[in-house]
Structure formats: C-alpha cells, structure tokens
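# Structural overview
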Amino acid sequence: MAEVKIRDLREWLAAVEKLGEVKHVTQEVDPVLEMGAITYMNGQNPGHPTLLFENPKGFSGDVKVLFNPIGNSMNRLSLAMRAKPGRTPIQLAEYLKDEFMKKIPPVTVEPKDAPIYENVLEGDDINLLALPVPKHWPRDGGHYIGTSDAIITQDPETGRINLGTYRQMVHEKNIVGYYSSPGKDTLLDREKWWALGKPCPVVSCYGIDPLLFICAATGFPKDESEYDYAGGLNGAPIEVVLGKHTGLPIPARAELVIEGYSYPTGRPEGPFGEFTGYYGRPGNEQTPYIEIKAMYFRNKPIMTAALMADMPGSNEQSLFLGLLRGAKTWRDMEACGIPGIKGVWGAPECAGGFGMTTVALKQQYPGHAQQAAAIAAQCAGGAYYQKFTFVVDEDIDPSNLGEVMWAASTRCRCSEDIDILRNTWSTYLDPSKNPNETRPFGSKALIYACKDFEHYKEFSLRTALTREQYDKACARWKELGLPGQAPALMAFDDMK
Ligand SMILES: Cc1cc2nc3c(=O)[nH]c(=O)nc-3n(C[C@H](O)[C@H](O)[C@H](O)COP(=O)(O)O)c2cc1C
C-alpha cells in the first residue's frame, strides 16, 4: 500500500520542497546547452537538489523546465515510488519488489475533471518551437523535448496499453522524432499497426509525474501495462482521460501532452548524448516521427527533462534504474523459484543503471549461485544491455560497489568462476560493439564472487566485528567526537 499520497508532478514537487530538495532558478537560463551544463555540474555535488528553471531565456510565458527530478536522491526517489523516505537502498528494493505484485488498472475521468485539458491546441496552433525545448549536449542533433517523458501506445492485437520513455527530437513545429531500440514495446507496437496498413496512434507526455516516468523507463512484461504497475505503487488507480483523436488513455494530471500518429517513414534523427555517457548513433539514420494532431497542457505547465551523462550523479536514470532493475530482477528470480535471495541491485555507477547486477545469495546447494546468476542476467527485469552479473554471499551489501569488488577480488577464482553468455539482448547504443550494425547482440559475464560451494565450510573466515564490539563502539561514537554516524554493518562474527 502506498505510504504517501501524491497524485501528480505538482504534489510530488511540494513534498520534495518540504525536504529542501528543490532549487528554484529564477534567473534567465538558456535551454540551449546552458540548462544541461548547470544540471551536469550540479549533479556532481553530493546532496544536490533538483533544478526548476523558472525563466527559460528567450521564452516569455509560463512554461518552466524541471531538470533531473530524481538525481541521486533516495528521498526524491522514495517519494516518487510513494514510499516514505528513510529506507536503505536494499530495503527500498525489497519494498518495491513486493509492491510490484499489486497491480491496479487506471480509471477514466471526464474531460472536465482532467487538468491536462485546461488548454487544447489543434491544427496550425500547435507549435513546439514556442516551448523552451532543451538541447543538452554540444553534439546533439537537435532540441530534445522528450527525455523525462512517457510515450503511450497500444498493441493493436491485444489492446494492451504501453508506456515507454523514448528520446524525442523536435523536427518541426508539429513533428517530433522518436527513437526506439530493437525489442522495445513501443517499436513492437508501432510495427504491428504498420503491418496492418494503419498509422500508429501515439500520445507523448513531456511533463509528467515521476512515478509514471520511472514506470515508463522500466521494462515490465510485454503483455502488461505500466499503468497497472504505477497504480499498484500509487495505491490508487492512475486517472486517465481519453485522447480526443486516438482514444488513448492520457494521464489526466500530466503537465504537457501531444497526441498524433506515426507512419512507417523516417527522418534523420540524433545523435543524442545518451545514458551510456556517449553519443548514441551517428545521426543520419532514418527514424520514425509523430505528426501531432493536438497538444494539451495545464495552466503554467512544467516540462520535465532528464540529462543523460557519464557521471552517475548527473545521469537522471542512474539511481532509479539501479534500484528498479534490482527490484524487478529480484521479483523475477523469486517467480522462478530461486531461494535464499537477500538483495538485488543494479549498479547506478555503471552506464546509467545498466551494465551490472549484483545478487546477494545465501547459497544452499551446488550450482545455486550459477543458477541465480543465469536467471538474473536473462530475466525480463534484468536482461536488456546488462553486461556483468555478480553473485555475492549474504554478508555483502549488493548496493555497495566497494563491498562487491572486495568480494570479487577475494572470493572469485577467475579461471572457474566466470561464465560468458553470448548473443544476448543489447542495443545500438552500446559503444563497445563495432561496427554499429552488430550492436543489438551483446554478451554477458556471470561472475561468482562468492565462496566456492564445495569448500564453503573451509573458506577462510573474514575479519568481522562481534556484535558486542560493534554495539560498544556505536554507544561511544558521539562521546569520542567521531564524525557522522556509526555506519550500519552487514557482517558480524558470531565466534562459533
Ligand atoms: C531518459 C530516458 C530516455 C530513454 N530513451 C530511450 C530511447 O530513446 N530509446 C529506447 O529504446 N529506450 C530509451 N529509454 C529506455 C526505455 O525507456 C526503457 O527500456 C523502457 O523499459 C522501454 O519500455 P517499453 O519497452 O515498455 O516501451 C530511455 C530511458 C530513459 C530513462
């Protein structure tokens, strides 16, 4: 059950404001390259706030731009997931994997009850060029209105509604490109429409509740709707209103939305500074686009933007995807019947939350670690563009990269404890594979950074404090004038 009641971006911002984690930037700032630069540099500071640019240079009007709503703040992430702040990373992952089981479908409201219909523009009145659309990186191929977004499509065969986050570059005042990697639901949906000889109906939200953004940016089973998962986390159905042209369900409390159709033709799109910290695709590829039929927005809308970057703190998806991939992989592994899982975490430090998954496991039988690694690496929640799967023992915190590396360097026998999976699901955005056409296939290393099960009992004992030593040191922490707080520890020596 949701622990906090938040219905939309504005209510989430108000809750974050109370924690002192919003910086209102009232001075004029240019959406072209300046907002991106400030967001990148702001993200390098621990405890950085989210940035609300209230005065985009060159744009009179009431449109604000919110950059990197989540950043590397566990507080902001917890509130987005409707959880009270205060959990450790692994506790939040465990909370989410259980919340994922509670799906609630959306509820349709009347247009008069949908704030998104406060302003409606159609035909010639639609003009994306009148909005402060950011250009993030100097070599970006254009201005990207879609980053912290959700594209809504429908499977024409089953009726399943999909929400997915996709980069979207403005081509003209009423045309926007959208790039989808192979295997993603938006791509599969649109190809089904085109195979039927019909244009693909599309809605795209550019100012959105972080809950919907995070659900859209996370892969859920292909036959299920992100709306249902978001509703479950929200503890109440997401309110939607039907699009006037497509009939697609639009989040009724979104900030800025477009509705239109896409056709099986393309325009050159990109490059774009990607989640990997590199530019993705050269920029001359023909990429499908949306012809916009209507644009809807609330009074004084807030556009949301996500900077992708090399440094984890500055990359909007690093922390939340590290958490969400961990939680979803954990759920998928349990569904496959793997016992003894103590925690799962995708590494925020690696390629925007992708690239690495660590499973903490209480080993119970021969081959248990190998089975866990293979499933973590290939399950729906964890397979895409994932390169390194570590299995560690239960005394290691999988969200602590330092501990994981310590376990790898002390428990892994490289000649026996690394397996490679080949031709696995990857993306054109992986810079390590060349030439570019080969990129949809990648490879994965399964690394057993855990005690060898055959010799588990003889394995060298780690140096660990006894509980008594720990408690005594904690009790004296303040008296001794030591900085910060006594750290939480995972491992203790029971002296048996
Ligand atoms: C800010 C951001 C931008 C993204 N841009 C793209 C993109 O341009 N193309 C893509 O294939 N995936 C992109 N993704 C990843 C997808 O949103 C993600 O894989 C999602 O699970 C896709 O959902 P779907 O398969 O249900 O549509 C992006 C994610 C984030 C957080």
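Cut-offs applied
Residues numbered from 1 in each chain as written. Predicted model: local features only at pLDDT ≥ 70, side-chain atom pairs only at ≥ 80, totals over all residues. Near = placed C-beta within 6 Å. Helix = DSSP H or I, 4+ residues; strand = E, 2+ residues; numbered from the N terminus. Nonpolar A, V, L, I, M, F, W, Y, C, P; charged D, E, K, R; others polar. Buried ≥ 20, exposed ≤ 12 C-beta atoms within 10 Å, placed from the backbone. Contact = placed C-beta atoms within 7 Å. Pairing = 2+ DSSP bridges. Axes fitted to C-alpha atoms, helices over the stretch in contact; angles between N-to-C directions. Domains from an automatic or database assignment.

Attention now moves to the site of the ligand. The ligand sits among 19 residues. The nearest are Gly164, Thr165, Arg167, Ser181 and Asp185. Among the secondary structure elements, those contributing two or more residues to the shell around the ligand are strand E8 (161-164), helix H5 (185-195) and helix H8 (316-335). When its residues are assigned to classes, the shell around the ligand shows 4 nonpolar, 11 polar and 4 charged.

For helix H9 (residues 368-378), every residue scored as buried is listed here: Ala369, Ala372, Ala373, Ile375, Ala376 and Ala377. On its buried face, H9 sits against H8, strand E19 (341-346), strand E20 (355-361), strand E21 (386-393), strand E22 (418-425) and strand E23 (441-448).

A few words now on the sheet that holds E20. Ordered by their spatial adjacency, 5 strands build an open sheet running E19-E20-E21-E23-E22, and the pairing between neighbours is mixed. The strands lining the two open edges of the sheet, one partner per strand, are E19 and E22. Averaged over all pairs of adjacent strands, the angle between strand axes in this sheet comes to 15°, irrespective of strand direction. Sheet topology note: the E19/E20 ladder contains 5 bridges and is antiparallel. Among the inter-strand pairings, glycine 346 is bridged to a residue of E20, identified as threonine 357. Most of the contacts of helix H10 (residues 401-411) go to E21, to which it runs at about 80°, and overall it touches E20, E21 and E23.

With that settled, the discussion passes to the pairing of strand E9 (residues 168-172). Here strand E6 (residues 144-146) runs beside E9; their pairing, made up of 2 bridges, is antiparallel. The partner of glycine 146 across the bridge, within E9, is glutamine 168. As defined by bridge partners, E9 adjoins strand E10 (residues 175-178) across 4 bridges and the pair is classed as antiparallel. Bridge pairing in E10 places glutamate 172 opposite isoleucine 175. The antiparallel hairpin formed by E9 and E10 contains 2 residues in its connecting segment.

Summarising the element assignment, serine 204 is placed in strand E11 (residues 200-207). The exposure class of serine 204 is buried, given the 25 C-beta atoms found within 10 Å. Once the C-alpha coordinates of serine 204 and glutamate 110 are considered, the two residues, 94 residues apart in sequence, prove to be 20 Å apart. Apart from the residues within four sequence positions on either side, serine 204 is in contact with Gly146, Asp149, Ile151, Gln168, Val257, Ile258 and Ile290.

Next up on the list: the sheet that holds strand E2 (residues 50-53). Within a beta sheet, neighbouring strands are joined by backbone hydrogen bonds and run either parallel or antiparallel to one another. Taken in spatial order, the 4 strands of this open sheet run E1-E2-E3-E18, and their pairing is mixed. In this open sheet, the two strands that pair with only one neighbour each are strand E1 (22-25) and strand E18 (302-305). Geometrically, the sheet is characterised by an average inter-axis angle of 25° between neighbouring strands, direction not taken into account. Relative to E18, strand E3 (residues 64-67) runs parallel, the two being bridged by 4 bridges.

It is worth spelling out the domain arrangement of the chain at this point. A common measure of how large an interface is: the accessible area buried when the components associate. Assigned domains within the chain: domain 1 (9-312), domain 2 (336-455) and domain 3 (461-496). For domain 1 versus domain 3, the distance between C-alpha centres works out to 44 Å.

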